[in-house]
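The lines below spell out each chain.
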Amino acid sequence: MINKNNTTQSTGIDTNTSRTTDKFINMAFTDENYEFIVSEASKLNAHFTNFINLAISSTSDNEIEDFIAKNPIRQCKSLASKRTGEHLKRIYFKLSTENFEKIRNAAEHTNSSKTVIVNVILEIYRQKQTQEQ
């Protein structure tokens, strides 16, 4: 039953469609980044989604550009390597709208895929964590 505030009385679920929508993504991660996500999320007692969003929001656009510029192999959409044999580990997670836009803009600006950008961000975050220790 829906009341005049557009919420269901029994569950309290918002049925208003004007809210900001987060993006769900099924993304492949390098073995190193996948293990990093698992270990850091468990250390923080957080879900993978929360940890990935934390890593993305704490990495600046300049850090992403600098990392990609220093990377000896330029990762772009047309040169994306297709790995044969064992598949990369995947995680289905939700990105906040701000983080999705940040990734999309960085991918367009650097001619990379969103997957490459998220893996780069996790590498940057891992390096920052190592330097702090």
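In what follows, the structure referred to is the one given above.
Here's what I pulled together on the structure shown here. (Residues numbered from 1 in each chain as written. Predicted model: local features only at pLDDT ≥ 70, side-chain atom pairs only at ≥ 80, totals over all residues. Heavy atoms only, no water.)

### Some remarks on the packing of aromatic side chains
Stated formally: When two rings of Phe, Tyr or Trp (its six-membered ring) have centres within 6.5 Å they constitute a pair, described as stacked for plane angles under 30 degrees, edge-to-face for angles over 60, and tilted for the intermediate range. In DSSP terms, a helix is any run of H or I states spanning at least four residues, a strand is any run of E spanning at least two, and both are numbered starting from the N terminus. Ring-over charges, as used throughout, are those where CZ of Arg or NZ of Lys falls within 6 Å of the ring centre and within 35 degrees of the ring normal.
On inspection of all chains with the given rule, the structure shows five aromatic pairs. Centroid distance Phe29 to Phe93: 6.0 Å. Interplanar angle 40 degrees. Geometry classified as tilted. Within this pair, whereas Phe29 is found in strand β1 (residues 23-29), its partner Phe93 is found in strand β2 (residues 89-95), the two being separated by 64 residues in sequence. Against the face of Phe100 rests Lys23, its NZ or CZ located 5.6 Å from the ring centre. The aromatic ring of Phe36 is capped on one face by Arg126, whose charged end is 5.5 Å from the ring centroid.

### Some words on the pattern of salt bridges
Formally: Between Lys or Arg on one side and Asp or Glu on the other, a salt bridge is scored when a side-chain nitrogen of the former is within 4 Å of a carboxyl oxygen of the latter. Note on classification: 1.4 Å probe, protein chains only; a residue is buried when its accessible area is under 20% of the maximum for its type, exposed when over 50%, partly exposed between these limits.
Following the criterion strictly, the structure yields seven salt bridges and no others. Between Lys43 and Glu40 there is a salt bridge; the shortest N-O distance is 3.1 Å. One end of the pair is Lys43 and the other is Glu40, both in helix α1 (residues 31-43) and three residues apart, which spans about a single turn. By relative accessible area, Lys43 is classed as exposed at 60%. A salt bridge links Glu101 to Arg104, with the shortest nitrogen-to-oxygen separation between them at 2.5 Å. Here the residue Glu101 and the residue Arg104 both occupy positions in helix α4 (residues 97-110), the gap between them amounting to three residues, near one helical turn. The network of salt bridges with shared partners includes Glu101, Arg104 and Glu108.

### Considering the nonpolar core
To keep it simple, the criterion reads: By nonpolar core is meant a set of buried Ala, Val, Leu, Ile, Met, Phe, Trp, Tyr and Cys residues that side-chain atoms within 4.5 Å join together. Any two residues having at least one pair of non-hydrogen atoms within 4.5 Å are treated as being in contact.
In terms of nonpolar packing, the biggest core is built from 28 residues, with Phe29, Ile64 and Ile117 touching the most fellow members. Contributions of two or more residues to this core are made by β1, α1, α2 (48-57), α3 (61-70), β2, α4 and α5 (114-132). With residues near it in sequence (within four places) discarded, Ile117 still touches Ile64, Ile68, Ile103, Ala106, Ala107, Thr110 and Ser112.

### A short note on the environment of Ile56
Structurally, the position occupied by Ile56 is in helix α2. For Ile56, a relative accessible area of 1% corresponds to the buried category. Along the backbone, Ile56 and Ile117 are 61 residues apart, and their C-alpha atoms lie at a distance of 9.6 Å. Each residue touching Ile56, except ones within four places of it in the same chain, is listed here: Leu95, Asn99, Lys102, Ile103 and Ile121.

### Quick notes on the environment of Thr49
If you trace the backbone, Thr49 turns up in helix α2. Sequence-wise, Thr49 and Phe24 are 25 residues apart; in three dimensions their C-alpha atoms are separated by 9.9 Å.

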